[in-house]
Amino acid sequence: MIDWLALTVALPLLGAVFAVVLPTRARGIGMAAALLTTAMALSVSVQVVQGITLRSDLGGWGAPLGIGLQADGLSAALLVMANLVALGISAYALDYFDAGSRRHFWPLWLLLWTALNGLFLAVDLFNIYVTLELLGISAAALGALTGRREAVAANLRYLLVGLLGSMTYLLGVALAYTGLGTLDLGLAAQALTPGPLAWTIFALMLGGLLLKTALFPLHFWLPPAHAQAPAPVSAALSALVVKAAFYLILRLWLDLFGPVAGPAAGTLLGMLGAGGVVWGSWRAFRAERLKLLAAYSTVAQVGYLFMFFPLMAAAAIPRRQELFGALVLLALTHGFAKAGLFLSAGLLQKTAGHDRIAELGPATQSLPAVAFAIGFAGVALIGLPPSGTFVAKWVLLSESFASGQWWWAPVVLAGTLLAAAYVFRLLANAFGPGLQPGAAGGGDQSQCLVPIGRAVQAPALLMTLIAVVLLGLGAEPLWTLLQEPPP
Amino acid sequence: MITQLVYGLAGIVLFLLGVWSFLVHDPLLRKLIALNIMGAGVFHILMAVAYRGLDAPPDPIPHALVLTGIVVAVSATALALTLGQRLERRDD
Amino acid sequence: MIPDNLLPAAIVLTSLVPGLLIFVLGERRHVLRTVLNMTGALAKLALVGLLIQGVYEGRDFESRLTLAPGLDLVLNADALSVLFVTLSTVLWLVTTVYAIGYLEHSPHRSRFFGFFSLCVSATVGLALAGNLLTFVIFYEALTLATYPLVAHRGTPDAAQGARVYLGYTLGGGVLLLTGAIWLQSLAGPVVFTQGGMLSALAGEYDTQLVLIFFLLIAGLGVKAALVPLHGWLPQAMVAPAPVSALLHAVAVVKAGAFGIVRVVYDVYGVVLAESLGLLAALAVLASITIVYGSVRALSQDGLKKRLAYSTVSQVSYIALGASIFGPVATIGGVVHLVHQGIMKITLFFCAGNYAETLGVHRVSEMDGVGRRMPWTTLALTVGTLGMIGVPPVAGFVSKWYLGLGAVEAGSDWVLLILVTSSLLNAAYFFPILFRAWFKEAPARWPKERIAAGRLETAAALLWPPVITALLALAAGLFAAAPASPLEWAELIAQREYGL
């Protein structure tokens, strides 16, 4: 009997250990671990799709004493997205780092991956804390990898803010254990009754996690940290790390705090989300550097995710299932799209030597595959068809109208227009007076363009294609996967 | 019973003090100490919960949580200090 | 041969697949690219032929893809979609030939033809859309596919024009999306049904229905260049001539007009629209546009700009036809969809020929052009006569039916609009013809790129306008024939009014 769940978490961990022990082979070990882990994750998801319930109690210790891992529809969906994106980032990172950084990147990256997989499969409040901390620490360390002053400062702030968040969450866990006597999600949910204790735990846990998800106005740490990190790390931070914290909020909201989380809390989250959409989109529009634009865009997209909450809280069960599916679809699409955007940004930065949007014209024109990747990512970020975001936004808007809470609609539409503005500002760079047919980059006078191989352009293009085509047109099975109705 | 309450409340007070210090004070070292005090506060609460009276052995789970928490806090503090040191070096 | 439920999807794919392949091809593979283009175009023509036959026999074609619970992408074929699909397919074929000739020696041809094919796929997709959701999806896809074509030349002017274009079309897209989702939240999935599907909501939801109508019309009106949403059209003239031809005859502008027709007939239904006063409002908007466009065209010296304003004016005839109650006016509006397409594309082809061959961009430079390029100018003459409404070119037929329908419906003022507009058309088109035929040519042309050999210009540039001019003539002369656009329009009107 293969314990798929344990392997999904253990493989990257082992990889990390090996990468530390054999630093000269770090790259090879890293890629091998990446492939194996992705295979594990995919097989877990396939089993979930087939209806097999997967639960693993490590060491044979059952709840409430032991550490359990479990995969349901929601975890499977996010597991697939996270592992595929991480695989793409790994492929991209193979040639991105020089020999010196490489030995530091791979172990940290694999630890981050371990934390991610562990987090998606965790069913126990404290286990969540541990994976959350591992995630935060490895992410901050990776972000500061370049050693440049701004990068280190930004990621130190990220680390501190993250620790504040996790400490708050931990206090919530402690109080939960005090009041409920158990840490297992399932058992705790049964023991929870509405009252001051439940509200306190709710506020603490959610507060800590909101800080980590960068919901407006707790988002201030994100743009500098994501913009300063190396491109593959930025991709992981925006697409995966932030998503992991959001997943936890969703999981706790649905599975633990069902009786407590009512329309009032939902409306608060929705309003903050609306603020994030407007503020993030506006700042992205005003950004002069590409990675900063992408980072603010993440703030906006996180805002969209939270705008589902007031509608879900007020809706009847069947409608809530539709919204839930749309929300997960939005999260998945954004993961692929944002990762693709950051990887493309990294390539442009490598070619041109900088990432100032106004001057990226020649670089963009010399890399048509990258231009396409940015185009697809942009389509997914704006929410134009045929991306998954379009479907998700349609569901969001139609529920907004149908439930009478129409005020969310103008915010979503304003965000869409602003996103269009900043995406097309980027894409305008792809059209220039035209080099001679067939010439590669470097034909222009003032810019000295570093040539980029074709293989490294592939992950970005593939990921954005998934966001735009696969998730846009083929997402219907997702609703069936998520069928396990949250209580 | 009273002991538990005292420990628990002390834990909460420590936590709140830590939060205040984190938000108000600027230097890195103070923020780190504040975070550690927050952690200590949480551990206090956990230890209070573990107490099952003089006759029964204490609940082992909160102990495990505290130990893990300490390890995590130490690692995080170490990373923060390293990053801080890097910043200090560049200050000239 | 091809199962009924795959045919609509296949029609979309015949340009989508070559388009995607072209992107992957290297820039130098001219022959392969041409082969892909022409194969796709011919395959599409063949499939459309099958479609026409099937719809005439009353068969049901539907391709369906579920995107989410309650949200289905549906492609099906009714008489109106077949009309538009046929127009798009035939004109795409012709424009492809023209574009190959026009863009000889230009950079970035792969990119151009790739997006060109995507553009046609989007157009065909929205022609075949079976519900409002599908229509909106392809409508937005059209915006995305046409932006790179407008920005193609890469000059600062092109970038500016493209930016303006995007601003308008995405704004319009948001309005359309809002209206569509709002409507769907009231009425459930908005399937295009002959005679409309909202009668159940009448009475209780009147205010909302009216607001939604204006949102939808505003969103569609941007592409259809209804005043005051028409600003992008003259600016988009920076695009190469094949793009202007495509945008103005077939894709973007017609998509907007087609959408308006769909909303009035197959979503609201004429009866409901009439009772809510929506038809009257639309008629006013259309009339203002018709007159305004013609007036602005008078003062334009740039040939393409003049044609652009003429398009602003002419496309609103379609909206006008939709806004007058009665089958005759409907016939006029719907058939003008085809006629205006054929005539306008002819004019743009000719404009492109003058620019490419002689460097002539302005009307003031067109003296004596008829002697130098007789066939092109002949095609131009046929097209302009049709625009003015001179028999026997097709434009006369549409204007006749529109006028007749207006009188029957008691809206005599519309007749005044039509006459005024025709006079204005004459006012800005006749000077062009006069200059071209009866004035002396200058000693040397601004920039003679193609010397006069056996043919006055490259074959690929010459044949398309001649063919489309002949089509325009044929559509008018043989309007009573069984397979003509007019007959098809009559079929559509019959089915809509339940006659």
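Since this is a predicted model, take the numbers as computed values, not measurements. (Residues numbered from 1 in each chain as written. Chains lettered and ligands numbered in written order. Predicted model: local features only at pLDDT ≥ 70, side-chain atom pairs only at ≥ 80, totals over all residues.)

**A short note on the overall build of chain B**
When its secondary structure is counted, chain B shows 3 helices and 0 strands. Each helix (α) and strand (β) of chain B, taken in turn from the N terminus, gives the series α-α-α. A compact globule built from 92 residues should have a C-alpha radius of gyration of about 12 Å, whereas chain B, at 16 Å, is more than 25% larger. C-alpha atoms of chain B, sized along the principal axes, occupy 60 × 25 × 10 Å. A total of 92 residues make up chain B; the buried ones form 34% of that total. At a minimum sequence separation of 6, the contacts of chain B that also span at least 24 residues come to 50%. (Helix = DSSP H or I, 4+ residues; strand = E, 2+ residues; numbered from the N terminus. Rg over C-alpha atoms; globule rule 2.2 N^0.38 Å. Buried ≥ 20, exposed ≤ 12 C-beta atoms within 10 Å, placed from the backbone. Contact = placed C-beta atoms within 7 Å.)

**So, the overall build of chain A**
Within chain A, the secondary structure is distributed over 20 helices and 2 strands. Computed over its C-alpha atoms, the radius of gyration of chain A comes to 22 Å, within 12% of the 23 Å expected for a compact globule of 487 residues. Dimensions along the principal axes, computed over C-alpha positions, put chain A at roughly 70 × 55 × 45 Å. Taken across its 487 residues, chain A has 65% of its residues classed as buried. When contacts within chain A are restricted to residue pairs at least 6 apart in sequence, those whose partners lie at least 24 apart make up 81%.

**So, the domain arrangement of chain A**
Interfaces are frequently sized by the accessible area removed from exposure as the parts join. All names here are of chain A. On domain assignment, one finds that chain A holds domain 1 (1-122), domain 2 (124-261) and domain 3 (263-433 + 441-487). On a C-alpha basis, the centroid separation for the pair domain 2 and domain 3 is 22 Å. In this complex, domain 2 contributes 24 residues to the contact, which on the side of domain 3 involves 31 residues. Listed by contribution, the elements that provide at least two residues to the side of domain 2 that touches domain 3 are α9 (222-228) and α10 (231-256). (Domains from an automatic or database assignment.)

**A closer look at the interface of chain B and chain A**
Across the boundary between the two partners, chain B contributes 24 residues, which contact 23 residues of chain A. Mapped by element, the contributors of at least two residues to the side of chain B that touches chain A are α1 (2-24), α2 (28-50) and α3 (60-89) of chain B. Of the residues contributing to the side of chain B that touches chain A, the split by class is 16 nonpolar, 5 polar and 3 charged. (Nonpolar A, V, L, I, M, F, W, Y, C, P; charged D, E, K, R; others polar.)

**Let's talk about the arrangement of the chains**
The assembly contains 2 pairs of chains in contact; the pair sharing the most contacts is chains A and C. Separated in space, chain B and chain C share no contact, their closest pair of C-alpha atoms being 42 Å apart.

**A look at the interface of chain A and chain C**
Contact residues are listed per partner, giving 33 residues for chain A and 29 residues for chain C. Within the residue set of the side of chain A that touches chain C, elements represented by two or more residues are α14 (317-352), α17 (388-402), α18 (408-427) and α20 (476-481) of chain A. Considering every element that reaches the side of chain A that touches chain C, the biggest residue donor is α17 of chain A, with 7 residues. Residue composition of the side of chain A that touches chain C, grouped by class: 24 nonpolar, 7 polar and 2 charged.

**Quick word on unusual backbone geometry**
All names here are of chain A. Of note, the amide linkage connecting F216 to P217 takes the cis form, showing an omega dihedral of 0 degrees. Looking at the element boundaries, P217 is found in the loop between α8 (196-213) and α9. With an omega of 0 degrees, the peptide bond running from P385 to P386 counts as cis. On the secondary structure map, P386 appears in the loop between α16 (368-382) and α17. Backbone geometry at A214 places phi at a positive 65 degrees, although glycine is not the residue there.

**With respect to the environment of I317 of chain A**
Residue and element names in this part refer to chain A. Here I317 shows up in helix α14. On the basis of neighbour counts, which here come to 8 C-beta atoms within 10 Å, the residue I317 falls in the exposed class. Sequence separation between I317 and A16 is 301 residues; the distance between their C-alpha atoms is 43 Å.

**Notes on helix α4 (residues 99-121) of chain A**
Here α4 of chain A spans 34 Å end to end across 23 residues, near enough to the 33 Å set by a 1.5 Å rise per residue. Where burial is concerned, most of α4 of chain A is hidden: 17 out of the 23 residues are buried. (Expected span 1.5 Å × (residues − 1).)

**Points about helix α13 (residues 303-323) of chain C**
For α13 of chain C, spanning 21 residues, the distance from its first C-alpha to its last is 31 Å, which sits close to the expected 30 Å at 1.5 Å a residue. Taking burial as the measure, the 21 residues of α13 of chain C include 21 buried ones, the bulk of the element.

**Some remarks on the confidence of the model for chain A**
Residue and element names in this part refer to chain A. Overall, the prediction assigns chain A a mean pLDDT of 88, with 95% of residues at 70 or greater. Mean pLDDT in chain A bottoms out at strand β1 (residues 54-57), which sits at 81, and peaks at helix α12 (residues 290-306), which reaches 94. Contacts of residues 435-446 to residues separated by more than four positions or lying in other chains number 19 contacts, the stretch itself having pLDDT below 50. (pLDDT = per-residue confidence, 0-100.)

**What to know about the packing of helix α5 (residues 132-150) of chain C against helix α10 (residues 252-268) of chain C**
Residue and element names in this part refer to chain C. Interhelical geometry of α5 versus α10 gives an angle of 170 degrees and a closest axis separation of 11 Å. The orientation of α5 relative to α10 falls into the category roughly antiparallel. Residues L132, F135, Y139, L142 and T146 of α5 lie in contact with α10, whose contacting residues are V252, A255, G259, R262 and V267. Its residues placed into classes, the contact of α5 with α10 shows 7 nonpolar, 2 polar and 1 charged. (Axes fitted to C-alpha atoms, helices over the stretch in contact; angles between N-to-C directions. Parallel < 35°, antiparallel > 145°, perpendicular 65-115°, else oblique.)

**Some thoughts on the packing of α14 of chain A against helix α19 (residues 458-473) of chain A**
All names here are of chain A. Where α14 meets α19, the axes come as close as 8 Å, and the angle between the chain directions of the two elements is 155 degrees. Classed by the angle they form, the pair α14 and α19 counts as roughly antiparallel. Relative to α19, the crossing made by α14 is left-handed. Two secondary-structure elements touch here, α14 through L329, L332, T333, F336, A337, A339, G340, L343, S344 and L347 and α19 through P459, A460, M463, T464, I466, A467 and L471. (Left-handed = near helix turned anticlockwise from the far one by under 90°.)

**Some words on the nonpolar core**
Membership of the largest hydrophobic core comes to 439 residues, with the highest contact counts inside it found for V85 and L112 of chain A together with L83, C119, L142 and V150 of chain C. The element contributing the most residues to this core is helix α6 (residues 149-180) of chain A, with 20 residues. (Core = buried A, V, L, I, M, F, W, Y, C linked by C-beta atoms within 7 Å.)

**Considering the confidence of the model for chain B**
With 97% of its residues at a pLDDT of 70 or more, chain B shows a mean pLDDT of 90. Across the assembled chains, the prediction reports ipTM 0.94 with pTM 0.91.

**Some remarks on the pairing of strand β1 (residues 62-68) of chain C**
All names here are of chain C. With 6 bridges joining them, β1 and strand β2 (residues 71-76) adopt antiparallel strand pairing. Along β2, the bridge assignment pairs R64 with V74. Counting the residues that bridge the hairpin from β1 to β2 gives 2 residues, and of these G70 lies at a positive phi of roughly 85 degrees. (Pairing = 2+ DSSP bridges.)

**With respect to the environment of F43 of chain B**
All names here are of chain B. Here F43 lies in helix α2. F43 gets classed as buried once you count the C-beta atoms within 10 Å, which come to 23. Put simply, F43 and G69 are 26 residues apart on the chain and 7.9 Å apart in space, counted from C-alpha to C-alpha.

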